Each structure stands twice: as structure tokens, then as C-alpha cells.
Amino acid sequence: METVLTIAGSDSIGGAGIQADIKTITCNGCYAMSAITAMTAQNTLGVKSIQESTPEFLADQLDAVFTDIVPDAVKIGMVSDARLAQVIAEKLNYYKARNIVVDPVMVATSGSSLIKTEAIEILAKELFPIATLITPNIPEAEVLSEIKISTEEQMLAAAKKISEKYGTSVLLKGGHSINDANDVLYAGKNFLWFLSERIENKNTHGTGCTLSSAIATFLAKGNNLECSVQLAKNYITECLKANLNLGKGSGPLKHNYMIGE
């Protein structure tokens, strides 16, 4: 069985972060492992508090995984502190990790900030260049590219600029646009659009975590990047269509939609 390591924060409501990643990896047929960067006290209404892992403890977690069950792919999510980003980069380089997908998580679906300003620079400088793919949404891409995005042409320009600046492929997610949920992949100096219908579902807690961990899962199973993105998009579409309705705010997805009621 192929294995996937998720390096991210924990979500006490279970809809995002480590919990969403483990559900996604498992439901798509791989074995999930984790290294926790932070514990969050959050629910569908917002984030109450964050307790970060120490750099030493995060390093121990990564050593524990790579010296026993070597992952076929790695997903990186919430990294709120520059020191943690540095540790992750050092360990992934040391162990020659492959199929690395970075979701540059900056703000939770509820609107709460999940990263310190100084961590963004280290995240981009140290982790983006070793990634197979990064998956920013429109607000995150605006920060990384310094381009205001409101049109498809601006999405293309931002994806290209980020890719060329950091030397990695970019999937710019269009879920924050008004009319559709189309994403654009910029890889190997080529653009590829992934067209999606906009599903009327207010419950989108953890969609970014779910998509990035699904891409990592399909890469671990031997699919190429384009195919992995398409399969992950198909999966998240079905999770949204299942219309799970839990919580008082933006609720979680139904990661196990294929199991039934």
C-alpha cells in the first residue's frame, strides 16, 4: 500500500488540517501518517487558539516517520512559524522526500489568520522550491504574486509569476471567484484549466486541505501531476455534492461520501 505523510495543524472539529487529510488519504486508498505542526482549538465558526509544536518535537515526528515507514508523497499544510518551516525543509531535503504538495495555508475558511507574517517568507523561500506543486487560493496567490486577481487573465499571470519566482508548479484555485470554481495549473511552462461547476454548498470547511492531500495521494499512487489534480478535483466535487450539514458555521465536507449514509 502506498503511503502519504501529512504535515499540518490539527483541527478539533475534524473538518480541516490533519483530520481532513487522514480521512482523504484513507478514503482514496493510501496509508496516512502525520506530523503535527500545531494544535488548534477551532470549530466551524472560527479559531479560538493555537498551540504550536516546538521545532524539536516536529523534528522528532519527522524522524520517526522517515526512519520507519518512508512516505510515497508528502502534503504540507498549516505552518504558522518560520522555525517550523525551516525544520520541515531541512528534514525533507535530508530524507530526499518526493511528491511534495504544499498548501500555503494563511487564513482559515472562517477568516481567522493561521500564519505569522515572518513565516510566509520562510515558507516560500525554503519549501516552495522543493515542492512538486503548491496550491494557493486566490487570496494567497495575491500575497505571493503581488497581483490583484479578479479575472482569468490575472489568474494566469499570478500562477506564472509564482511558478517562475519559486521554481515549482502552481495550481491556482479559483474557488474564491464569483462565477465558477475553475482552477489553473501552471507546470512546465504550460497552462491547463480544470473547469468545475460551482456547487451551492456553504459548508466548505477544509476544502483546501482536502484538495491538496488528495493530490498528494494520487501522486503517491503513481499518477502524473495533471491526472492527480483531475482525480483530486473529482473527489472534492463529490464530497461537496454529498451536502453534509454539520456545525453552526461553514461546516465540513463528507470525505467518506462513497460509504453511504
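If you're wondering where the values come from, they're calculated on a predicted model, not measured in any experiment.

Looking at this model, I keep getting lost on the pattern of salt bridges. Mind explaining?
When the charged atoms of two side chains with opposite charge come close together, those side chains can pair. Under the counting rule described, the total for this entry stands at seven salt bridges. We note a salt bridge from Lys173 to Asp103, for which the minimum N-O separation is 3.6 Å. Of this pair, Lys173 sits in the loop between strand S7 (169-172) and strand S8 (183-187) while Asp103 sits in the loop between strand S5 (100-102) and helix H4 (117-127), and the two are 70 residues apart along the sequence. Residues Lys173 and Asp103 agree in their burial class; the two are buried. Between Asp183 and Lys233 there is a salt bridge, and its shortest N-O distance comes to 2.9 Å. With a gap of 50 residues between them, Asp183 in strand S8 and Lys233 in helix H8 (residues 225-241) connect regions that are remote in the sequence.

Whenever I open this one, helix H2 (residues 55-66) confuses me. Can you help?
Two residues of an α-helix separated by three or four positions point the same way, owing to the 3.6 residues in each turn. The first and last C-alpha atoms of H2 sit 17 Å apart over 12 residues, in line with the 16 Å expected at 1.5 Å per residue. Each element contacted by the buried residues of H2 is listed here: strand S1 (3-11), strand S2 (31-43), strand S4 (73-76) and helix H3 (82-94).

What should I look at first to understand the packing of aromatic side chains in this one?
For any two aromatic rings, the description comes down to two numbers: the centre-to-centre distance and the angle of the planes. Counted under the stated rule, the structure contains five aromatic pairs. Taken together, a centroid distance of 4.9 Å and an interplanar angle of 85 degrees make the contact between Tyr94 and Tyr95 edge-to-face. Classification of Tyr94 by relative accessible area gives exposed; the value is 60%. Relative to Phe191, the ring of Tyr186 lies with its centre 4.6 Å away and its plane at 50 degrees, an arrangement referred to as tilted. A relative accessible area of 4% means that Tyr186 is categorised as buried. Through a chain of ring-to-ring contacts, three or more aromatic side chains come together here, namely Phe66, Tyr94 and Tyr95.

Scoring rules and cut-offs
- Residues numbered from 1 in each chain as written.
- Predicted model: local features only at pLDDT ≥ 70, side-chain atom pairs only at ≥ 80, totals over all residues.
- Heavy atoms only, no water.
- Salt bridge = Lys/Arg side-chain N within 4 Å of Asp/Glu carboxyl O.
- Helix = DSSP H or I, 4+ residues; strand = E, 2+ residues; numbered from the N terminus.
- Buried < 20%, exposed > 50% of the residue type's maximum accessible area, 1.4 Å probe, protein only.
- Expected span 1.5 Å × (residues − 1).
- Contact = heavy atoms within 4.5 Å.
- Phe/Tyr/Trp six-rings, centres within 6.5 Å; stacked < 30°, edge-to-face > 60°.

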